[in-house]
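# Structural characterization, general
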Amino acid sequence: MNIIIYLVVILVILYFLLRWWSNISPKKMSKGVRLVTILLLALLAVLFAIGGKFLLTLPLTLASLALVKLKGLSLIQLLSLYRLIQTLRNSGRFSFKQHQNNNSSTLSISEAYKILNLDINKKPTKEIVNKAYQKIQKKIHPDISPETSRLSAIVNEAKEIVLKDIS
C-alpha cells in the first residue's frame, strides 16, 4: 500500500516539474540541470570524504557477512550482530581480510560474556547460556552463510568459556 502512495506522490511531483520545465527554454533548462548535477556530485563527494567511514561501516559489514539476504532479521538483531563484530574486531580476534591468521588464543571471560550478550554480574544458568548461543548461531551459522565460519567458531569458543566459568 505504501508503494502505491509513494508512486502517486512521485508522479504528481514529476507532473508539476514537467509543466514548470515546459515554460523554460531548452538552453536554460540544460544549464540548470548541469548546475544541479555538479552541485549534487560535489555535495556527495564532500559528504563521503568527511563522513564516509561512519556512513558505510554498518552496511558494508553486513553485506560482507551476507546477512542482508537472510530473511527475518530485524533492525535490533542487525545492530546486535554489528556490536558483536565490532567487539571482536576491537579485540583483534576477527578480521574480514582473506589472509587472516587463526589465533588459537582463548578469549577472556568478559569478552566471552560480551559476545553472547550476557551480563557478567548476573551468573547465568546453563539454559540461559545455551539460549543466547543458539540465538546468535541461528543468524551466523556457516550452513546459512559460509562467510561466517570464523565468526561462528569464535561464538563456540565464547560459549565454552562461559560454561566453564559458571560450573
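Located above this text is the structure these notes cover.
Quick caveat, the model's predicted, so the values are computed rather than measured. (Residues numbered from 1 in each chain as written. Predicted model: local features only at pLDDT ≥ 70, side-chain atom pairs only at ≥ 80, totals over all residues. Heavy atoms only, no water.)

## A closer look at the overall build of the protein chain
Scanning the protein chain for helices and strands turns up 6 helices and 0 strands. Its helices and strands in sequence order give the protein chain the pattern α-α-α-α-α-α, from N to C terminus. Burial statistics for the protein chain: of 167 residues in total, 25% are counted as buried. A separation of at least 24 residues holds for 60% of the contacts in the protein chain among residues at least 6 apart in sequence. Counting only carbon and sulfur atoms, one obtains 65% of the accessible surface of the protein chain, whose full area is about 12300 Å². (Helix = DSSP H or I, 4+ residues; strand = E, 2+ residues; numbered from the N terminus. Buried < 20%, exposed > 50% of the residue type's maximum accessible area, 1.4 Å probe, protein only. Contact = heavy atoms within 4.5 Å. Areas by Shrake-Rupley, 256 points an atom, 1.4 Å probe, with all protein chains shown as cover.)

## Regarding the environment of histidine 141
Along the polypeptide, histidine 141 turns up in the loop between helix H5 (126–140) and helix H6 (149–166). Here histidine 141 falls in the partly exposed class, since its relative accessible area comes to 32%. For the pair histidine 141 and alanine 153, spaced 12 residues apart in the sequence, the C-alpha separation amounts to 9.2 Å.

## As for the packing of aromatic side chains
One pass over the structure, following the stated rule, counts 1 aromatic pair. Ring centres of tyrosine 15 and phenylalanine 16 lie 5.4 Å apart, and the angle between their planes is 65°; on these two criteria the pair is classed as edge-to-face. The ring of tyrosine 133 carries lysine 159 above its face, with NZ or CZ at 4.4 Å from the centroid. (Phe/Tyr/Trp six-rings, centres within 6.5 Å; stacked < 30°, edge-to-face > 60°. Lys NZ or Arg CZ within 6 Å of the ring centre and 35° of its normal.)

## Section: the nonpolar core
In terms of nonpolar packing, the biggest core is built from 22 residues, with Leu84, Ile115, Leu116, Leu118, Val155 and Val162 touching the most fellow members. When residues of this core are traced back to their parent elements, those giving at least two are helix H3 (75–91), helix H4 (109–115), H5 and H6. Ranked by residues supplied to this core, first place goes to H6 with 7 residues. In contact with leucine 116, other than residues within four places in its own chain, are Val129, Ala132, Tyr133, Ile136, Val155, Ala158, Lys159 and Val162. (Core = buried A, V, L, I, M, F, W, Y, C linked by side-chain atoms within 4.5 Å.)

## Considering H5
It helps to recall that an α-helix has 3.6 residues per turn; residues three or four apart then point in one direction. The end-to-end C-alpha distance of H5 is 21 Å, a good match for the 21 Å that 15 residues give at a rise of 1.5 Å each. For H5, the set of buried residues is Val129, Ala132, Tyr133, Ile136, Gln137, Lys139 and Ile140. What you see down the axis of H5 is that its buried residues fit within an arc of 160°, all on one side. Facing away from the buried surface of H5 by more than 90 degrees, the exposed residues are Glu127, Lys131, Lys135 and Lys138. (Expected span 1.5 Å × (residues − 1). Arc of directions from axis to C-beta.)

## Looking at the pattern of salt bridges
Throughout the structure, instances matching the rule amount to 1 salt bridge. A salt bridge links lysine 123 to aspartate 165; the nearest nitrogen and oxygen atoms lie 3.3 Å apart. With lysine 123 in the loop between H4 and H5 and aspartate 165 in helix H6, the pair connects residues that are 42 residues apart, well separated along the chain. Residue class for aspartate 165 comes out partly exposed when judged on its relative accessible area of 26%. (Salt bridge = Lys/Arg side-chain N within 4 Å of Asp/Glu carboxyl O.)

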